4 protein chains.
Amino acid sequence: MAGNTFGNRFRVTTFGESHGDAIGGVIDGCPAGIELDLVAVQRELDRRKPGQSKIVTQRKEADEVRFLSGIFEGKTTGTPIGFIIENTNSKSKDYDHIKDIYRPSHADYVYDKKYGHRDHRGGGRSSARETACRVVAGAIAKQVLGKLSITAFVSSVGEIKVTAPYTELDFNEIENNPVRCADPLIAKQMEQLIKEVKKDGDSIGGTITCVIQGVPVGLGEPVFDRLDAELAKAMIGINAVKGVEFGLGFEATRMKGSEHNDEILPNGLTKTNNAGGIVGGISNGMDIYFRVAFKPTATLMKDQLSINTQNEVVTVQGKGRHDACVLPRAVPIVEAMAAIVMLDMYIEQYGKLKM
Amino acid sequence: MAGNTFGNRFRVTTFGESHGDAIGGVIDGCPAGIELDLVAVQRELDRRKPGQSKIVTQRKEADEVRFLSGIFEGKTTGTPIGFIIENTNSKSKDYDHIKDIYRPSHADYVYDKKYGHRDHRGGGRSSARETACRVVAGAIAKQVLGKLSITAFVSSVGEIKVTAPYTELDFNEIENNPVRCADPLIAKQMEQLIKEVKKDGDSIGGTITCVIQGVPVGLGEPVFDRLDAELAKAMIGINAVKGVEFGLGFEATRMKGSEHNDEILPNGLTKTNNAGGIVGGISNGMDIYFRVAFKPTATLMKDQLSINTQNEVVTVQGKGRHDACVLPRAVPIVEAMAAIVMLDMYIEQYGKLKM
Amino acid sequence: MAGNTFGNRFRVTTFGESHGDAIGGVIDGCPAGIELDLVAVQRELDRRKPGQSKIVTQRKEADEVRFLSGIFEGKTTGTPIGFIIENTNSKSKDYDHIKDIYRPSHADYVYDKKYGHRDHRGGGRSSARETACRVVAGAIAKQVLGKLSITAFVSSVGEIKVTAPYTELDFNEIENNPVRCADPLIAKQMEQLIKEVKKDGDSIGGTITCVIQGVPVGLGEPVFDRLDAELAKAMIGINAVKGVEFGLGFEATRMKGSEHNDEILPNGLTKTNNAGGIVGGISNGMDIYFRVAFKPTATLMKDQLSINTQNEVVTVQGKGRHDACVLPRAVPIVEAMAAIVMLDMYIEQYGKLKM
Amino acid sequence: MAGNTFGNRFRVTTFGESHGDAIGGVIDGCPAGIELDLVAVQRELDRRKPGQSKIVTQRKEADEVRFLSGIFEGKTTGTPIGFIIENTNSKSKDYDHIKDIYRPSHADYVYDKKYGHRDHRGGGRSSARETACRVVAGAIAKQVLGKLSITAFVSSVGEIKVTAPYTELDFNEIENNPVRCADPLIAKQMEQLIKEVKKDGDSIGGTITCVIQGVPVGLGEPVFDRLDAELAKAMIGINAVKGVEFGLGFEATRMKGSEHNDEILPNGLTKTNNAGGIVGGISNGMDIYFRVAFKPTATLMKDQLSINTQNEVVTVQGKGRHDACVLPRAVPIVEAMAAIVMLDMYIEQYGKLKM
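Residues numbered from 1 in each chain as written. Chains lettered and ligands numbered in written order. Predicted model: local features only at pLDDT ≥ 70, side-chain atom pairs only at ≥ 80, totals over all residues. Heavy atoms only, no water.

## What about the UniProt feature "binding site: NADP(+)" (unreviewed entry) in chain A?
All names here are of chain A.
Item 1. Mapped onto the present numbering, the UniProt feature "binding site: NADP(+)" (unreviewed entry) falls at Arg48 and Lys54.
Item 2. Its place among the elements puts Arg48 in helix H1 (residues 38-48).
Item 3. When its relative accessible area of 2% is taken as the criterion, Arg48 is described as buried.
Item 4. Leave out the neighbours within four places in its chain, and Arg48 touches Glu61, Asp63, Ala128, Arg129, Thr131, Ala132, Val135, Arg329, Pro332 and Ile333.
Item 5. In this structure, Lys54 sits in the loop between H1 and strand S4 (65-67).
Item 6. Note on Lys54: relative accessible area 73%, which makes it exposed. (UniProt positions renumbered as here; feature names shortened; annotations may be inferred. Helix = DSSP H or I, 4+ residues; strand = E, 2+ residues; numbered from the N terminus. Buried < 20%, exposed > 50% of the residue type's maximum accessible area, 1.4 Å probe, protein only. Contact = heavy atoms within 4.5 Å.)

As structure tokens, this is what we get:
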């Protein structure tokens, strides 16, 4: 364990700081012979990149991925796929004012204590910029998975939430609004809220719901490497995530067994899907769905009290370009991590030759 | 990855089916030279065992652990600690009526589909009986961790919940009531609810809150093996768990950054602890706290519809001896898994010689 | 990494000290639905056990394996196979004279320095007794592998060696002589040498050759987890092993490329097999063969100088019951570790469902 | 396991094909706060690069490493160190004649069978060019290890070998001759032999001896992850390596225990060092030394028979620029892999904070 590799059979290792030369990664264990659509990979990156709409940060980062290995004549070779994303617009000067300051609810303080020193520019390694690498790996995983579909959308921002079950939503609406909410009317309200919060120099949290369809029965390796346990690790491992729940989740804690149990039908599927498609840590053939909790962005455009490296009280100034709400940009990250887990577990169960 | 090992530096591998000869495990990576209190280990097992009070299952299982290696003259030797718990009261006849039946919301169906056949007796490998092995490993981890304290308690059963923050609770109350709730008045109500549900042949869910105190700054290995991500995997990996949230968790999704951010004080601690002691995946020296969601027990004392191995609709009879609410017995399991994660991360950061 | 687990997809974890209560292990990742011949497993253990012939140690150890889980109705269930071998004849009194002594070329000294204290009885964890657990796992791996055949034999003892290539030997002879040499005439000479050495209270080294036949093309995971690299780790990990060579091995270092290269024939096989069946870390469909070097047993029936735990010079007395030559008993260990590696790599390449 | 990561605590993941855009890697788990001498890293790469002397291949490759992350203000940050080496002089046209041909004793055939298709240019992933990435990681490991010294030299080429024990050699001579032999007179003979072999269009094998000095007692994680077992895996994982032996190695197989045992002295060191510094898989404080066997280079400047992808017999033409003897360039690779193993084991034992 050294912290920067995720997955076992399909595994991604990432590197790179927010304002270093480049970020990048290595994808190992990708099955051979898969025709990759690299334009589709870039498209996923574009869904995560800054400046894509008015409600996200206006920083300019090209986020162009360059593949260095593992692909030959358009197909994966089964050897590791190395890639980099150059940091073209890294105004590290922008961060001089926080060089010796520990920002509240950021990782500055813990990185300094853990490692002794840190690259403070833009959050360094703890910056969410690193997740671009996960999006690259996830986009490839999605393509390998083929018929499985993995769809995430913003299901709440602050108090505004989608109340309809996902089965009643039209996923085609997700990319039609800047919030990436599957309900267009709710999306409008969310957009409005984000704009208000932004105007105040504040930020706001929310939830993302992820739905995985077309999953075969049998994915997941109990008793520890359960499908839901791996998904939970993947989700909590995303910057700003503070919770995850599968199926009815916390709501199930208030229910009786007679209400919650899912009756099994003659075709092996279940009448209800309160479990969210995973039983005993193994997929049961129903849709997998789970909800991920994001805290509000730690960076504010307001002054805050904190300390510096000399343990003196200082005022952290609110300046720079940041997201008042990270959720719209986090949607492709949730999908990416879900795809990595699903492919990892798929190869574990079926082998890498069965793609 | 083969599923039955948890941890990297301090790692536990478990084996055993509910009604096989024995369950057991191997603890590898335990630091050498630690004096172990084996009576305390057995005490933790007793907190998990059936028949301990009127509100849990009345099955009789001795759950006596026998250590086979890795301990010499009362101290750990640094070599693997092997242990077994014989299954003394395994009435497998009790399970003949479910031999060919897939019980609703149990893992019968997915195990059969994944592995081709299964030991159906008492749930076989998917039985929560396996968690006794985790409790053994966790009890040892707790002792190695020394000054760190790890305390879990039942914080809700159905709609009845502890409303006071954990800081206002007296943890000494936890073992004073059969529910293992830290609030004695709420405990009474929970006990009453469990009894009613039991009388109806039904079951009920709930939540367990876990608090870890005395944690040094710096535990956790970003970007993937974050402390919270590992804890999340550990918790979701417990039978019947459907969700986990750290600090304010889902509540944080409804907050603004200006409300949620934790101001850092000159001593490095934070004024509030909305983050729950983990920032950027690394412990920040504050108390770690998180909440775990348990669905209601799948086994009911009521008849339910399901299918058999021939895909025919059948009635699953409600009989046997089961828990109407698993939470009181799950408290030591949550603590055990938390202890395993904390020790694993502690060794990762400080090495195995620093105990 | 905690040291006591071998393998990734098919993995064995062992525990136990020479004179503790029991040794044992957990086999995780064994494919489900395999009918196991447990008598054949015990037969492999009997090939390793003490007292089986006049040229090995006359200690009496029953070495009876008891399986605790993972097997139901005669077939593997895909869940972990736990097993123990009780230590029935552990005369730890026999070892009181070495309690405070570091025996030459034994691991006593390094264990004490590494772990701070150790179970000194019979070598404790560093005893070759632990390899019985590997034999159990290997015997199961052999059965899962089915058509692959893995055959080891003693190819030299001291200066006496088999000169014929393995292709000219009759492997049926191996179990017909106590040395486990595939050449019956050479076996006689080896037996004679071992008896002489034993009479002198001395010990002698030797080599074991292992041949794996029926291997499909494509096993091995370059660039690091090559088939030969994994076999090398497995072999050097056996007690007393000091070297390993694949194909022509060290002899190849004295050759020219035009002599050494193996011409590829239209059927994909090679005219010669100087490479020993592995090219670029991947099996090429030819027989795999390699040779393992065992140093002479460290325990002598002669007095030797060494030091005690107070760093004082002492005489280590030569007494007890030991092997003058470990090679006959090491043959099943070499086969077992080879089988574990081959199955691990087989599952990696073909998946666990293809057995 | 996906094959392209080596190490556990200090781990390197490599990517890249011989004639792709770039090769590179990620070093994860490097302790923080280490001042790195990047010029020294490049110097190690230069010892491996083509064209450095008349006896190695005359291909021109700049092999300039570019670090992308993990280093800030000259010091390691504890975060992953990403790096790339661009492939500047990749004349892939040179390889058109082998596009559909499986060269004898190369990995062409097995890669095609394993992965279904391959990047044939210059050997693709199976090219020794990949080892440049290992040299980068090893050069960093060496610097972190500080006082430990790791020295490799060519100890034989064909029949010509260094006969003096390493303790009588002057390691300063190694870089004074193009063969990298520690004995200048033997070096001359080796150089002459390599030139003759080259003139014939042939190639020649040899051995490299590696000596590690200043090793503390206690490195190595038995029973499987022994120090020698990990070194063996590392060495056999180097292209063209067919054998490895520790201490006296195969010579020990011909010895008696009374000759081979190393008497322990009052200072804990041993009178002789036949074991090569590792006992029971753990370093004992003596020099570690081992010998690595390299087969002759597979590529010849002579015509050879083989088959093409249509299984037809073809003549493989001898053309291009290749090494008649890889050993001089392999010396830094052996050192690099040894350094990676030593640091990995060092962190495992002492933790990452004790550097």
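Once the structure has been displayed, the description carries forward.
## Overview of the interface of chain D and chain C
Reports of interface size often rely on the accessible area that becomes lost once the parts have come together.
Item 1. Contacts between the two partners involve 101 residues from chain D and, on the opposite side, 101 residues from chain C.
Item 2. At the boundary of chain D with chain C, total buried surface from both sides reaches about 8,100 Å², with 60% on carbon and sulfur atoms.
Item 3. Linking chain D with chain C are six salt bridges.
Item 4. Where Lys233(D) meets Glu230(C), a salt bridge forms, and the shortest distance between an N and an O atom there is 2.9 Å.
Item 5. Counting across the chain D and chain C interface gives 53 residue pairs in polar contact (both at pLDDT 80 or more).
Item 6. For the side of chain D that touches chain C, the per-class residue count stands at 42 nonpolar, 33 polar and 26 charged. (Buried area = accessible area lost by both parts, 1.4 Å probe. Salt bridge = Lys/Arg side-chain N within 4 Å of Asp/Glu carboxyl O. Polar contact = N/O pair within 3.5 Å; in protein donor to acceptor, adjacent residues only side chain to side chain. Nonpolar A, V, L, I, M, F, W, Y, C, P; charged D, E, K, R; others polar.)

## Some words on the sheet that holds strand S4 (residues 65-67) of chain C
Residues and elements named next belong to chain C.
Item 1. One open sheet accounts for five strands, arranged S1-S2-S3-S7-S4; its pairing is antiparallel. With one partner strand each, in any of the chains shown, strand S1 (5-6) and S4 form the two edges of the open sheet.
Item 2. Direction of pairing for strand S3 (residues 22-28) relative to strand S7 (residues 81-86): antiparallel, over a ladder of six bridges. Following the sheet pairing, Gly25 is matched in S7 by Phe83. (Pairing = 2+ DSSP bridges.)

## Topic: the side chain of Lys352(D)
Item 1. Summarising the element assignment, Lys352(D) is placed in the segment after helix H7 (327-350).
Item 2. Reaching out from Lys352(D), the side chain makes a polar contact with the side chain of Glu221(B) at a distance of 2.9 Å.
Item 3. Once residues lying within four places of it in the same chain are set aside, the contact partners of Lys352(D) are Lys114(A), Glu221(B), Glu348(B), Gln349(B), Pro31(D) and Ile347(D).

## Topic: the pattern of salt bridges
Residue and element names in this part refer to chain B.
Item 1. One pass over the structure, following the stated rule, counts 105 salt bridges over all chains.
Item 2. Ionic pairing is found between Glu191 and Lys195, a salt bridge with its closest N-O pair at 3.4 Å. Of the two residues, Glu191 and Lys195 both sit in helix H4 (residues 184-199), four residues apart, roughly one turn of that helix.
Item 3. Overall, the relative accessible area of 16% leaves Glu191 in the buried class.
Item 4. Residues Glu245 and Arg291 are paired through a salt bridge, measuring 2.7 Å at the closest nitrogen-oxygen approach.

## A word on the relation of the copies chain D and chain C
Item 1. After a rotation of 180° and a shift along the axis of 0.0 Å, chain D superposes on chain C with an RMSD of 0.0 Å. The operation mapping one copy onto its partner corresponds to a two-fold rotation axis. Of every C-alpha in chain D, the one belonging to Lys233(D) sits nearest the axis of rotation, 2.5 Å from it. (Least-squares fit on C-alpha atoms with pLDDT ≥ 70 in both.)

## Description of the sheet that holds strand S1 (residues 5-6) of chain D
Residues and elements named next belong to chain D.
Item 1. Across the sheet, which stays open at both edges, the five strands sit in the order S1-S2-S3-S7-S4 with antiparallel pairing between neighbours. This sheet does not close on itself; its edge strands, each paired only once, are S1 and strand S4 (65-67).
Item 2. With five bridges joining them, strand S2 (residues 11-15) and strand S3 (residues 22-28) adopt antiparallel strand pairing. Counted as the bridge partner of Val12 is Ile27 from S3.

## Some remarks on the interface of chain A and chain C
Item 1. Contacts between the two partners involve eight residues from chain A, matched on the other side by eight residues from chain C.
Item 2. At the boundary of chain A with chain C, total buried surface from both sides reaches about 810 Å², with 42% on carbon and sulfur atoms.
Item 3. The three residues of chain A that bury the most area against chain C are Arg9(A), Lys352(A) and Leu353(A), which together make up 53% of that side's buried surface.
Item 4. Residue Glu221(C) pairs with Lys352(A) through a salt bridge whose shortest N-O separation is 2.9 Å.
Item 5. Taken together, the links from chain A to chain C amount to four residue pairs in polar contact (both at pLDDT 80 or more).
Item 6. Taken together, the residues of the side of chain A that touches chain C break down into two nonpolar, two polar and four charged.

## Observations concerning the relation of the copies chain A and chain C
Between the two copies of the chain lies a rotation about an axis combined with a shift along it.
Item 1. Rotating chain A by 180° and translating it 0.0 Å along the rotation axis places it on chain C, where the RMSD comes to 0.0 Å.
Item 2. Most of the interface of chain A is mirrored in chain C: 100% of its interface residues are interface residues there too.

## Remarks on the packing of aromatic side chains
Item 1. Applying the stated rule across the entire model yields 34 aromatic pairs over all chains.
Item 2. Both rings, one in Phe250(C) and one in Phe250(D), keep their centres 5.9 Å apart while their planes meet at 65°; by these two values the pair is edge-to-face. On the criterion of chain membership, the pair formed by Phe250(C) in the loop between strand S12 (241-246) and helix H6 (257-260) and Phe250(D) in the loop between strand S12 (241-246) and helix H6 (257-260) is interchain, its members lying in two chains.
Item 3. We classify Phe250(D) as buried; its relative accessible area is 7%.
Item 4. Residues Tyr166(D) and Tyr289(D) carry aromatic rings whose centres are separated by 5.3 Å and whose planes lie at 45° to one another, so their mutual orientation is tilted. In this pair, Tyr166(D) is assigned in the loop between strand S10 (160-161) and helix H4 (184-199) and Tyr289(D) in strand S15 (residues 288-294), connecting sequence segments 123 residues apart. An identical accessibility class is assigned to Tyr166(D) and Tyr289(D); each is buried. (Phe/Tyr/Trp six-rings, centres within 6.5 Å; stacked < 30°, edge-to-face > 60°.)

## Re the packing of helix H1 (residues 38-48) of chain B against helix H3 (residues 131-145) of chain B
Residue and element names in this part refer to chain B.
Item 1. Where H1 meets H3, the closest approach of the two axes is 9 Å, and the angle between their N-to-C directions is 140°. With respect to H3, the axis of H1 lies oblique. The handedness of the crossing between H1 and H3 comes out as right-handed. From H1, Ala40, Val41, Glu44, Leu45, Arg47 and Arg48 reach across to H3, where they touch Thr131, Ala132, Val135, Val136, Ala139, Ile140, Lys142 and Gln143. (Axes fitted to C-alpha atoms, helices over the stretch in contact; angles between N-to-C directions. Parallel < 35°, antiparallel > 145°, perpendicular 65-115°, else oblique. Left-handed = near helix turned anticlockwise from the far one by under 90°.)

## Section: the UniProt feature "binding site: FMN" (unreviewed entry) in chain A
Residue and element names in this part refer to chain A.
Item 1. In the numbering adopted here, UniProt assigns the feature "binding site: FMN" (unreviewed entry) to Arg125, Ser126, Ser127, Asn239, Ala240, Gly280, Lys295, Pro296, Thr297, Ala298, Thr299 and Arg321. These annotated residues cover 197 residues of sequence, and their C-alpha atoms reach 44.4 Å apart at the extremes, leaving them scattered rather than at a single site.
Item 2. Along the chain, the position of Ser127 falls in the loop between helix H2 (108-115) and helix H3 (131-145).
Item 3. When residues no more than four places from it in sequence are discounted, the contact partners of Ser127 are Ser18, Gly122 and Asn239.
Item 4. Reaching out from Ser127, the side chain makes a polar contact with the backbone nitrogen of Arg129 at a distance of 2.9 Å.
Item 5. For Arg321, the location among the structural elements is in the loop between strand S17 (313-316) and helix H7 (327-350).

## Some details on H1(B)
Item 1. Taken together, the buried positions of H1(B) are Ala40(B), Val41(B), Gln42(B), Glu44(B), Leu45(B), Arg47(B) and Arg48(B).
Item 2. Put simply, Asp37(B) is the residue that caps the front of H1(B), since its side-chain oxygen is 3.1 Å from the backbone nitrogen of Val39(B).

## Observations regarding unusual backbone geometry
Item 1. Look at the link from Pro222(A) to Val223(A): it is a cis peptide, with omega at 10°.
Item 2. One non-glycine residue, Arg180(B), adopts positive backbone phi at about 60°.
Item 3. Summarising the element assignment, Arg180(B) is placed in the loop between strand S10 (160-161) and H4.

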